[in-house]
Amino acid sequence: MDDCNQHLTTRTGFRLHVRPARPADAGTVAEFFTHVTREDLRFRFLTGLTVVGDSQIAALTQVDHRQTEDFLAFTEDGSTMIATAMLACDAAMARGEVAIAIHKNFKNKGLG
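Since this is a predicted model, take the numbers as computed values, not measurements.

S.K.: Even after reading the chapter, I still don't get helix H3 (residues 54-61), so can you show me in this structure?
M.R.: Because each turn of an α-helix spans 3.6 residues, side chains separated by three or four positions in sequence point in the same direction. Turning to H3, its buried residues number three or more, namely Ile57, Leu60 and Thr61. Buried residues of H3, viewed axially, fall in a sector of 85°; they line one side. Close packing links the buried residues of H3 with helix H1 (26-32), helix H2 (38-45), strand E3 (68-75) and strand E4 (81-89).

S.K.: Can you walk me through the environment of Val29 in this structure?
M.R.: Tracing the backbone through its elements, the reader meets Val29 in helix H1. Here the alpha-carbon distance between Val29 and Val52, two residues 23 residues apart in the chain, equals 9.4 Å. The contact partners of Val29, leaving out residues within four places of it in the chain, are Ile57, Leu60, Thr61, Leu72 and Met81.

S.K.: Just checking my understanding: could you explain the pattern of salt bridges for this structure?
M.R.: Working definition: two side chains of opposite charge can pair if their charged atoms are close together. Following the criterion strictly, the structure yields three salt bridges and no others. Where Glu76 meets Arg15, a salt bridge forms, and the shortest distance between an N and an O atom there is 2.6 Å. Residue Glu76 is found in the loop between E3 and E4, and its partner Arg15 is found in strand E2 (residues 15-20); the two are separated by 61 residues along the sequence. Relative accessible area serves as the criterion here: at 42%, Glu76 is assigned to the partly exposed category. A salt bridge links Lys107 to Asp40; the shortest N-O distance between them is 2.7 Å. Placement of the pair is Lys107 in the segment after strand E5 (96-102) and Asp40 in helix H2, with a sequence separation of 67 residues.

What counts, and at which threshold
- Residues numbered from 1 in each chain as written.
- Predicted model: local features only at pLDDT ≥ 70, side-chain atom pairs only at ≥ 80, totals over all residues.
- Heavy atoms only, no water.
- Buried < 20%, exposed > 50% of the residue type's maximum accessible area, 1.4 Å probe, protein only.
- Helix = DSSP H or I, 4+ residues; strand = E, 2+ residues; numbered from the N terminus.
- Arc of directions from axis to C-beta.
- Contact = heavy atoms within 4.5 Å.
- Salt bridge = Lys/Arg side-chain N within 4 Å of Asp/Glu carboxyl O.

Below, the structure written as structure tokens:
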């Protein structure tokens, strides 16, 4: 999945680094979700949770890279995780769903 690493620029000129999630990212992803608003957590997970648990973190970091992919976005220097975007498809690969969460301090930069 190394060929999926990308440096991108949003329409607002914000520069970021995007790559697929890996199992070793579990701690980074868990820490990221402490910087997502409660309202955004509710929209992302479609429930009123206040803490993203180990099972949700595992689902985001232990993906099959075929039917499910989770991309992580970082600041250009890689120091801060700023977003996650998951694409999950059905078994026939005919339909998919996307779920995005953005760090509260990096909203309104064109990431979504």
